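Listed below, chain by chain, are the residues.
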Amino acid sequence: MTKTTYEFHDVPEEVVGKWQKTVDLMAEIFEVPASLIMRVQANQIEVLVSSHTQNNPYDIHEKADLNTGLYCEKVMATRSQLYVPNALDDPLWKDNPDVKLNMIMYMGVPLVWPDGEIFGTICVLDDKERDFSKPYRDLMWELKKIIEGDFQSIVRSIEMTQANRLLAEAKQAAEAANRAKNAYLANMSHDIRTPMNGIIGFSNILANEALTEKQKSHVNIIRDSAANLLNLINDILDCSKIEAGQLNIEIIDCPLDQILNAQESMVATLAKEKCVDFKIITGRDLPAYIHSDPYRLNQCLTNLLSNAVKFTDQGHIHLKVALNEDKGKHFIQFDVEDTGIGIPIDRQEAIFESFGQADGSITRKYGGTGLGLTITRQLAELLGGELSLTSEPGKGSVFSLAIPTGVDITDRPLLDRSTTAAGTEELQQMEAVLFSGTVLVAEDVEANQILMDLMLSRLGLDVVIAEDGIQAMQTALSQTFDLILMDMQMPHMDGYQATLSLRQRGDKTPIVALTANAMKGDDQKCLEAGCDDYLAKPIDRRALLQILSKYLQPSETAMNKTIASVLCV
């Protein structure tokens, strides 16, 4: 290992202090004005440590070219001691710069790294002729051993310093790469989700048109394929964010019945289409609220239940929810039980690995990235829980997701599932009305302009389209709107700037951000710009209906129509 790249500050302070005491002692023992430790670096000789004597002419860090430091150069070349009682008597040394400093006596020995590379020299100098006996000359070798005894610690210190420097550089490079990766993922998400919004939206509208059975079949294939593609995109983005450590968990109080209702609403329809029985079975003493991340918990359950529907062609899918205790801590255990194809025991761990499937035929028959279970297990761990599996081929599987309640259940109200029916009825009532009002849609993509106009018009709303942020701001200030749907990435002026400008001008119209970005923090960025709410593209029909119900009044003239029949989704 070459040692010529280190700096003096790499040498530990305690070693420098020890060396200083050594050269001071040398000056005292030899009764000389100058005692030095010289080191060689980059073809230069440098005074590394100099004795604290009154007549010492050498400054710390004083340097000279190697070919002018003839004494030290000779010592290093021969790897032996050099003793010159009086350089003025020796023509060979007449040009030595030490002579010009009136240092005419020189005695030095080489300093060598443990690997045999020359470090420099240790020497004493005087401005008068000196005659040192052999014991004095031998003492130089003992002093050499003292100095070289510290080299191992210096090497470790230098290597540690260099390793830390490289680690810091690598960390900076990794952080820069992560920033670039996140920016790339955000752009990729936007670029893919924007056309996906058009594909899914228009296929939903077409599905309710007067089509032949064959045409309806084709449209349904488009819808299913688009939904599958969107799931793949979400899996890849989530996996990338988890690997980069960019996926944050937001732990809040969340109602357990809302989580179960959301899963029931989604899975019941899918299971019915396959003639598979679906039930949610709740145990006793379940708390009404838990302290967790509802979005990520729903994502875990959605992944598990979607898999159960995908791999079950007959029988049942049950979501069993129970309260368990382990080492004084309470957990909610969600058991997703199905009577599907099952998984061989030797493949049960592999399915939790990235891109893993039970076997190759699974991918060919059922599709998927093989990331869903990987993400679900990682999310479970981020939530403080765990995901496990029991399965038997041909008989089905049970995926068990255990999540800490995060609350003291003794002072919490209990879950009452009897309110579920009321909640479902309320949703049906919401879907039984059209809306009234005028909505400004700021959207630069023509396909999405047409789609939003169709969707909102069929819901009874008057729609005005703005093609960019500048037009959106000017239009919003020139007439009154009941709601603004603002795309956040537009030319000339983006949605963030347009929203901020409207708020600065006193416009109080509710503004809902529409964005194809789906990275962590995008929602908060929209809210900070002045938006009241946030919708991600492709736009989910339930999320859109909830937003419209939140900010708009129902139409009194269209109470007998349903949103489902007009929206066709």
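Quick caveat, the model's predicted, so the values are computed rather than measured. (Residues numbered from 1 in each chain as written. Predicted model: local features only at pLDDT ≥ 70, side-chain atom pairs only at ≥ 80, totals over all residues. Heavy atoms only, no water.)

1. Some remarks on the pairing of strand β13 (residues 396-404)
We apply this condition: Burial classification: accessible surface area is computed with a 1.4 Å probe over protein chains only, and a residue below 20% of its type maximum counts as buried, one above 50% as exposed, and the rest as partly exposed. A helix here means a DSSP run of H or I that spans at least four residues, while a strand means a run of E at least two residues long, and both kinds are numbered starting from the N terminus. Pairing between two strands is assigned when DSSP locates at least 2 bridges connecting them.
Taking burial as the measure, the nine residues of β13 include eight buried ones, the bulk of the element. The sheet contact formed by strand β11 (residues 329-338) and β13 spans eight bridges and is antiparallel. From the neighbouring strand, E337 faces β13, where its bridge partner is V398. Adjacent in sequence and paired antiparallel, strand β12 (residues 386-392) and β13 are bridged by three residues, among which G394 carries a positive phi angle near 85 degrees.

2. So, the sheet that holds β11
Just so we agree on the cut-off: Helix axes use the C-alpha atoms of the stretch in contact, all axes being lines fitted to C-alpha atoms, and the angles between their N-to-C directions lie in the range 0 to 180 degrees. Pairs of residues are marked as contacts when any of their non-hydrogen atoms sit within 4.5 Å.
Spatially, β8-β10-β11-β13-β12 is the arrangement adopted by the five strands of the open sheet, whose pairing is mixed. Edge positions in the open sheet fall to β8 (277-282) and β12, since each of these has one partner strand only. Each neighbouring strand pair of the sheet contributes to a mean axis angle of 15 degrees, computed without reference to strand direction. Each of β12 and β13 touches helix α10 (residues 372-382); the most contacted strand, β12, lies at about 135 degrees to it.

3. A short note on the pattern of salt bridges
A pair can form between side chains of opposite charge whenever their charged atoms are brought close. Here is the rule: Criterion for a salt bridge: a side-chain nitrogen of Lys or Arg within 4 Å of a carboxyl oxygen of Asp or Glu.
In the structure shown here, the tally under the stated rule is 14 salt bridges. Note that R130 and D126 form a salt bridge whose closest N and O atoms lie 2.8 Å from each other. Neither R130 nor D126 differs from the other in exposure class; each is buried. Where E349 meets R377, a salt bridge forms, and the shortest distance between an N and an O atom there is 2.8 Å. One end of the pair, E349, is in the loop between β11 and α9 (360-366); the other, R377, is in helix α10, with 28 residues separating them in the sequence.

4. What to know about the confidence of the model for the chain
What counts, and what does not: A residue's pLDDT is simply how confident the predictor is in it, with values from 0 to 100.
Mean pLDDT over the chain: 81, with 83% of residues reaching 70 or higher. Contacts of residues 1-5 to residues separated by more than four positions or lying in other chains number 13 contacts, the stretch itself having pLDDT below 50. This model gives residues 420-428 a pLDDT under 50, and the stretch forms three contacts once residues within four places in sequence are excluded.

5. Examining the sheet that holds strand β6 (residues 118-126)
The antiparallel open sheet is built from six strands, whose spatial order is β3-β2-β1-β6-β5-β4. At either end of the open sheet lies a strand with only one pairing partner, and these are β3 (63-65) and β4 (82-84). The average undirected angle you get between the axes of adjacent strands in this sheet is 25 degrees. With eight bridges joining them, strand β5 (residues 105-112) and β6 adopt antiparallel strand pairing. Counted as the bridge partner of P110 is T121 from β6. In the packing of helix α2 (residues 70-78) onto the sheet, contacts are made with β1 (34-41), β2 (44-50), β4, β5 and β6, and the angle to β5 comes to roughly 40 degrees. Against the sheet, helix α4 (residues 134-148) contacts β1, β4, β5 and β6, and its axis sits at roughly 35 degrees relative to β5.

6. Notes on the side chain of S391
Applied cut-off: Under this definition, polar contacts are N or O atom pairs within 3.5 Å; protein pairs additionally need one hydrogen-donor-capable and one acceptor-capable atom, and for neighbouring residues in sequence, both atoms have to be side-chain atoms.
Mapped onto the elements of the fold, S391 is located in strand β12. A distance of 2.8 Å separates the side chain of S391 from the backbone nitrogen of I343, its partner in a polar contact. Apart from the residues lying within four places of it in its own chain, the contact partners of S391 are G342, I343, Q348, G396 and S397.

7. Quick word on the packing of helix α1 (residues 13-30) against α4
Counted only if it meets this: Comment on the angle field: the value is read as roughly parallel under 35 degrees, roughly antiparallel over 145, roughly perpendicular from 65 to 115, and oblique elsewhere. Basically, the charged four are Asp, Glu, Lys and Arg, the nonpolar ten are Ala, Val, Leu, Ile, Met, Phe, Trp, Tyr, Cys and Pro, and anything else, Gly included, counts as polar.
Orientation of α1 relative to α4, taken along the N-to-C sense of each, is 175 degrees, at an axis distance of 11 Å. With respect to each other, α1 and α4 are oriented roughly antiparallel. Here K18, W19, T22, M26, I29 and F30 of α1 come into contact with α4, specifically with Y136, L139, M140, L143, I146 and I147. Partitioning the contact of α1 with α4 into residue classes produces 10 nonpolar, one polar and one charged.

8. With respect to the environment of G460
Tracing the backbone shows G460 in the loop between α12 (446-457) and β16 (462-466). When its relative accessible area of 38% is taken as the criterion, G460 is described as partly exposed. Each C-alpha atom of the pair G460 and S555 lies 7.4 Å from the other, and the pair is 95 residues apart in sequence. Once you skip the residues sitting within four places of it in the chain, G460 turns out to touch F435 and S436.

9. Description of α2
Along an α-helix, a turn takes 3.6 residues, which lines up residues three or four apart on a common side. Formally: Of all possible arcs, the one meant is that of the directions from the helix axis to the C-beta atoms.
Every buried residue of α2 is accounted for by Y71, C72, V75 and M76. Angular distribution of buried residues about the axis of α2 spans 125 degrees; they occupy a single face of the element. R79 sits one or two positions beyond α2 and adopts a positive phi of about 50 degrees.

10. Focus: a negative patch on the surface
Inclusion rule: Residues with no salt bridge and a relative accessible area higher than 30% make up the patches, which join like charges within 9 Å and nonpolar side chains (Val, Leu, Ile, Met, Phe, Trp, Tyr) within 5 Å. Here the open area of atoms and residues is found with the Shrake-Rupley method and a 1.4 Å probe, where only the protein chains shown may cover a residue. Positive charges are assigned to Lys and Arg, negative charges to Asp and Glu, while His and the chain termini are left out of the count. In plain terms, the charge of a residue is placed at NZ if it is Lys, CZ if Arg, CG if Asp and CD if Glu.
Taken together, E325, D326, E381 and E386 make up a surface patch of like negative charges. Looking at the element boundaries, E381 is found in helix α10.

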